[in-house]
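Residue strings, one per chain:
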Amino acid sequence: METRRIFRYNYFYPFSLYIYRKQKKAFSSPTILCFHFLCFSNFLCSLMAPLHESLSSINDVIESKPLFVPITKPILQPNSFNLSEGSLCAKDSTPILFDVPQNVTFTPFSSHSISTDAPLPILLRVQANAHKGGFLGFTKESPSDRLTNSLGRFEDREFLSLFRFKMWWSTAWIGKSGSDLQAETQWVMLKIPEIDSYVAIIPTIEGAFRASLTPGEKGNVLICAESGSTKVKESSFKSIAYIHICDNPYNLMKEAFSALRVHMNTFKLLEEKKLPKIVDKFGWCTWDACYLTVDPATIWTGVKEFEDGGVCPKFVIIDDGWQSINFDGDELDKDAENLVLGGEQMTARLTSFKECKKFRNYKGGSFITSDASHFNPLKPKMLIYKATERIQAIILRRKLVKESGEQDLTELDEKIKILSEELNAMFDEVEKEESLGSDDVSGSGMAAFTKDLRLRFKSLDDIYVWHALCGAWNGVRPETMMDLKAKVAPFELSPSLGATMADLAVDKVVEAGIGLVHPSKAHEFYDSMHSYLATVGVTGAKIDVFQTLESLAEEHGGRVELAKAYYDGLTESMIKNFNGTDVIASMQQCNEFFFLATKQISIGRVGDDFWWQDPYGDPQGVYWLQGVHMIHCSYNSIWMGQMIQPDWDMFQSDHVCAEYHAASRAICGGPVYLSDHLGKASHNFDLIKKLAFFDGTIPRCVHYALPTRDSLFKNPLFDKESILKIFNFNKFGGVIGTFNCQGAGWSPEEHRFKGYKECYTTVSGTVHVSDIEWDQNPEAAGSQVTYTGDYLVYKQQSEEILFMNSKSEAMKITLEPSAFDLLSFVPVTELVSSGVRFAPLGLINMFNCVGTVQDMKVTGDNSIRVDVKGEGRFMAYSSSAPVKCYLNDKEAEFKWEEETGKLSFFVPWVEESGGISHLSFTF
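What you see is a predicted model, and the numbers here were worked out from it, not measured in a lab.

Secondary structure summary: the protein contains 21 helices and 46 strands in total. A total of 923 residues make up the protein; the buried ones form 59% of that total. Of the contacts made within the protein by residues no fewer than 6 positions apart, 76% connect residues no fewer than 24 positions apart. Total accessible area on the protein stands at roughly 35,900 Å², and carbon and sulfur atoms take up 51% of it.

Okay, here's the thing in structure tokens:
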């Protein structure tokens, strides 16, 4: 406690930090400098000791995030790893890797002489754990642009790893041998039970080379380092992988990535950055709602339908379909027209930073009076169905030609022709409808549309738009952006991606190449695009297709240097145009992105897209793909959450597994947004109101969801026995989500996810309060971490309550296929004088019910005050019936069940207080 108090009460900390920075160059060792800084800082503290003592109680209340910073002179400890005689051992004698080649080196981690802008608390934390880690390197005889080397082998050790299954996306994989790894592994965590520890091996970036792990024969772990350019070669590395050990798997990742943050100094941790405002809000994305057919009327109608249903979005993401794009050979100033499905646009290029014709033609004020009443909300779905029918006919034709060669396909060709004509006729009708509007025009285009949208829907705060990292899917048309030195670059895939899943997006990009703005113009490129968007009312961007740069680097100094140029330009533009935070990163799940692009980006996708059905045609995919999505998001959060706030993506509220998705989004800790089709039948508002308040905010957990410790080395997808369990925290308790994800998984032989029907079955498991890693809560006080009393447990599906403490037996749980349950854990408060035991559950009509509890205080000997947000049925456990209950200072009737102790009553939405009601109970 004393070490924390020094910092907490140090009001001269800013002045001390100023001295620290001014004198930084005068010391050869940051460790010595930090010690001098702390001594000076503490000396100033001692001068103010009386004031510190008088204010200590205030600071104890205000302080919510423990710094965990040791305020002592660093003690040098021997490194936990030792490489000797071909074995890499931990803690003196426990072998981690056998048969380590002689050309492999190990260098203990040291922050001495490192130039870093890491905040002092992080630097000190890293120094305190420096003995736990180090770097692996290797040397080859000949330089090359792509080098592979064994790091040694391991067998009969449980591991958890994350690998890229597509160019853009990564997922979890487990095994027991180095040979069980998958290509493009981003990191591996080994379980070392004999010393009650965990070890992480994390490929890094060194110089112009980026690394990944790959399987070798006979248990060998191979590391592959590549530059992405035949002109950039190397033969020797000292820090191409980082290895770290810890007795806690969650602290392991935090400590390891903190060390890399200090060492590399090219990215920032999540704790250093602000989150975008959308993280606490409910939103709507246009992608699955209408794909490329998005236009002003679609957006207006979509937002209006949510408002009519009682929950208006606080943010809207205008996804792909709004940009000015066309194809090579098209007239430069003419937009590509009549595009519907994803894939059709993937060989197109950006021709202008301004919006396309659909949005340019919007007449200011035209929807204000009409409320877009002319628009048929079923039109987008009709266009999608017609376009799908057409593309299926085209695919069938290709298949027939491939299987049987030339044959008479006149009838099929005629069908494709008719379907194309029908689709074009539908678009002509849409264009006529769009020409209707008020003659009293107040501006036009995107600026007028966003202005009107906000004028009509007062609760709408943010409007994001989609764009690809290079502009559009295939970059820019060089002819239209000569000043940016754009040039079409061939798309050359790394051999490391040969074992990834077939992907339409990759195929299309390879087909046409990327119109790449010269890296020296990346700053100008992003600033020109984003500054225009900011002037027309756009507040942020969802940026997609991040990993294209790795395949475009031949002429630009390699993938690392190209990425640095682009990400530096993007970072500066974010700061200037989008509040420094308002960017969602997507299709970015590669270590390169996290090590180079996250100085400013603080939120990103942690899963593949929400697939409402299997694109390969498995009818069961409508179910099993949802479990796959849960696995992606849960396990990716283990490492991505160190640098970005995990975003679990949108879903549709009328999907057959909508409730399954909704439960996960409720406790994931990120924003909640949907991509519902238009039409009243496409929205399940009963479900939506379990996720979002009337004002468009959400009861968000205070952290990001993570798999429980007993889920880390399991396979909840197709082992026929494991439940996925994830945990998170609320201000007044914790929550565990249990999900049956069984029924599908990655096939190393076929290089794709596929259904395993025999695994789509009922599974059972256990849940215990200790499954929640209480010490991972960033807002927990020390007493909460060490709390040993009773918890009230609330099972969301059955509304059952029970009690549990650290010594209780685990409760058994059984889940049907594609089923879930949420279990909330709330510490029980006992009133000293009366002995009444009390625990608030909040509004149980919300999935994250305890998240609705804003505050709780014991007031006097026999009174408790609880603040809740929202409308619905409030429930608490109370061992005795209250004498009186007050709701917003008025006495209220309540129901109390003597048998269960359930105390409940209805709480209305109070608009004047932002939905917050004040409850008080007297015993």
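Once the structure has been displayed, the description carries forward.
Here we come to the packing of helix α8 (residues 296-309) against helix α13 (residues 445-456). In contact at an axis separation of 11 Å, α8 and α13 are set at 15 degrees when each is read in the N-to-C sense. The angle between α8 and α13 falls in the class roughly parallel. The two elements α8 and α13 cross, and the hand of that crossing is right-handed. Along the contact surface, α8 presents Pro296, Ile299, Trp300, Lys304 and Glu307, while α13 presents Phe449, Asp452, Leu453 and Arg456. Of the residues that constitute the contact of α8 with α13, the class distribution is five nonpolar, no polar and four charged.

Okay, the sheet that holds strand β40 (residues 863-869) next. With respect to topology, five strands assemble into an open sheet ordered β39-β40-β46-β42-β43, the strand pairing being antiparallel. At either end of the open sheet lies a strand with only one pairing partner, and these are β39 (853-858) and β43 (890-891).

On to the side chain of Asn740, then. The topology assignment puts Asn740 in the loop between β29 (733-739) and β30 (744-747). A polar side-chain atom of Asn740 sits 3.1 Å from the main-chain carbonyl oxygen of Leu815. Apart from the residues lying within four places of it in its own chain, the contact partners of Asn740 are Tyr660, Thr761, Thr762, Val763, Leu815, Glu816, Pro817, Ser818 and Ala819.

As a further point, take the packing of aromatic side chains. Tallying each qualifying case throughout the model produces 51 aromatic pairs. Centre to centre, the rings of Phe267 and Phe595 are 5.5 Å apart; their planes meet at 40 degrees, and the pair counts as tilted. Note that Phe267 is positioned in the loop between α6 (249-264) and β15 (282-285) and Phe595 in helix α17 (residues 591-596), a separation of 328 residues in sequence. Accessibility classification places Phe267 together with Phe595 in one group, the buried group. Ring centres of Phe359 and Phe449 lie 6.2 Å apart, and the angle between their planes is 70 degrees; this geometry places the pair in the edge-to-face category.

At Lys218, a residue that is not glycine, the phi angle is positive and equals roughly 55 degrees. Structurally, Lys218 can be placed in the loop between β12 (209-215) and β13 (220-226). Among the residues examined, Lys218 registers a relative accessible area of 70% and is labelled exposed. Positive phi, normally seen in glycine, also occurs at Glu799, with a value near 60 degrees. If you trace the backbone, Glu799 turns up in the loop between β33 (791-795) and β34 (800-804). Take Glu799: its relative accessible area is 30%, and that puts it in the partly exposed class.

Taking 1.5 Å per residue as the helical rise, α6 with its 16 residues ought to reach 22 Å, and the 22 Å between its terminal C-alpha atoms agrees with that figure. Here α6 starts with a cap whose side-chain oxygen sits 2.8 Å from the backbone nitrogen of Tyr250, and that cap is Asn248. Directly after α6, the chain includes Asn265, whose backbone phi takes a positive value near 60 degrees.

For the rest of this paragraph, the subject is helix α16 (residues 559-577). With 19 residues, α16 extends 26 Å from end C-alpha to end C-alpha; this agrees with the ideal 27 Å at 1.5 Å per step. All of the buried residues in α16 are Arg559, Val560, Leu562, Ala563, Tyr566, Tyr567, Gly569, Leu570, Thr571, Ser573, Met574 and Asn577. Following α16 by one or two positions, Asn579 adopts a phi angle in the positive range, close to 65 degrees.

As enumerated under the stated definition, the model contains 49 salt bridges in all. Here Arg210 makes a salt bridge to Glu226, at a shortest N to O gap of 3.8 Å. Linking Arg210 in strand β12 with Glu226 in strand β13, this pair joins segments that are 16 residues apart in sequence. Using a relative accessible area of 0% as the deciding quantity, one classes Arg210 as buried. A network of salt bridges, in which partner residues are shared, links Arg146, Arg164, Glu184, Arg210, Glu226, Glu550, Arg559 and Glu592.

Looking at the element boundaries, Tyr877 is found in strand β41 (residues 872-878). Remark: the alpha-carbon pair of Tyr877 and Lys902, spanning 25 residues in sequence, is separated by 4.9 Å. Setting aside anything within four residues of it in sequence, one finds Tyr877 in contact with Leu792, Ile801, Phe803, Arg837, Phe838, Ala839, Thr900 and Gly901.

A few words now on the pairing of strand β28 (residues 724-730). Where burial is concerned, most of β28 is hidden: seven out of the seven residues are buried. Going residue by residue along β28, you find Leu724, Ile726, Asn728 and Asn730 tucked away on one face and Lys725, Phe727 and Phe729 tucked away on the opposite face as well. By the bridge criterion, two bridges tie strand β27 (residues 706-707) to β28 in an arrangement that is antiparallel. Considered in β28, the bridge of Pro707 is made with Ile726. In terms of strand pairing, β28 meets β29 through seven bridges, oriented antiparallel. Within β29, the residue paired with Asn730 across the bridge is Gly733.

Attention shifts here to the sheet that holds strand β2 (residues 87-90). If you walk across this open sheet you meet the three strands as β1-β2-β3, and the pairing is antiparallel. The open sheet is flanked by β1 (81-84) and β3 (94-97), the only strands paired with a single partner. When the angles between neighbouring strand axes are averaged without regard to direction, this sheet yields 35 degrees. As paired elements, β1 and β2 share four bridges and run antiparallel to each other. Across the sheet, residue Asn82 finds its bridge partner in β2, namely Cys89.

Attention now goes to the pairing of β39. Pairing analysis gives five bridges linking β39 to β40, with the strands arranged antiparallel. Within the sheet, the bridge partner assigned to Val858 lies in β40 and is Ile864.

Turning our eyes to something else, we now look at the state of the cysteines. Enumeration over the complete set of coordinates arrives at zero disulfides. Just so you know, Cys285 is unpaired, no disulfide at all, and the nearest cysteine sulfur is the one on Cys290, 8.6 Å from it.

The topology assignment puts His467 in strand β19 (residues 462-468). His467 sits in the buried class, given a relative accessible area of 0%. Here the side chain of His467 touches His530 through a polar contact of 3.0 Å, side chain to side chain.

What follows is about the confidence of the model for the protein. The pLDDT averaged across the protein works out to 90; a share of 90% of its residues lies at or above 70. Taken as a whole, residues 1-72 scores under 50 in pLDDT and shows 87 contacts with residues more than four places along the chain or in a different chain.

The next point concerns the packing of helix α5 (residues 120-128) against α6. Between α5 and α6, whose axes approach to 9 Å, the crossing angle comes to 115 degrees. Relative to α6, the element α5 lies roughly perpendicular. For the pair α5 and α6, the sense of crossing is left-handed. Note on element contacts: α6 touches α5 through Lys254, Ser258, Ala259 and Val262, opposite Ile122, Leu123, Arg125 and Val126.

As a further point, take the environment of Lys564. One can find Lys564 in helix α16. In this structure, the C-alpha to C-alpha distance between Lys564 and Leu596, residues 32 residues apart in sequence, is 6.4 Å.

Before going further, it helps to spend a moment on the environment of Val606. Its place among the elements puts Val606 in the loop between β24 (603-605) and α18 (621-640). Val606 sits in the buried class, given a relative accessible area of 0%. Setting aside residues no more than four positions away along its own chain, Val606 makes contact with Gln589, His632, Cys633, Asn636, Ser637, Met640, Pro646, Asp647 and Trp648.

Rules used in this analysis
- Residues numbered from 1 in each chain as written.
- Predicted model: local features only at pLDDT ≥ 70, side-chain atom pairs only at ≥ 80, totals over all residues.
- Heavy atoms only, no water.
- Helix = DSSP H or I, 4+ residues; strand = E, 2+ residues; numbered from the N terminus.
- Buried < 20%, exposed > 50% of the residue type's maximum accessible area, 1.4 Å probe, protein only.
- Contact = heavy atoms within 4.5 Å.
- Areas by Shrake-Rupley, 256 points an atom, 1.4 Å probe, with all protein chains shown as cover.
- Axes fitted to C-alpha atoms, helices over the stretch in contact; angles between N-to-C directions.
- Parallel < 35°, antiparallel > 145°, perpendicular 65-115°, else oblique.
- Left-handed = near helix turned anticlockwise from the far one by under 90°.
- Nonpolar A, V, L, I, M, F, W, Y, C, P; charged D, E, K, R; others polar.
- Pairing = 2+ DSSP bridges.
- Polar contact = N/O pair within 3.5 Å; in protein donor to acceptor, adjacent residues only side chain to side chain.
- Phe/Tyr/Trp six-rings, centres within 6.5 Å; stacked < 30°, edge-to-face > 60°.
- Expected span 1.5 Å × (residues − 1).
- Salt bridge = Lys/Arg side-chain N within 4 Å of Asp/Glu carboxyl O.
- Disulfide = S-S within 2.5 Å.
- pLDDT = per-residue confidence, 0-100.

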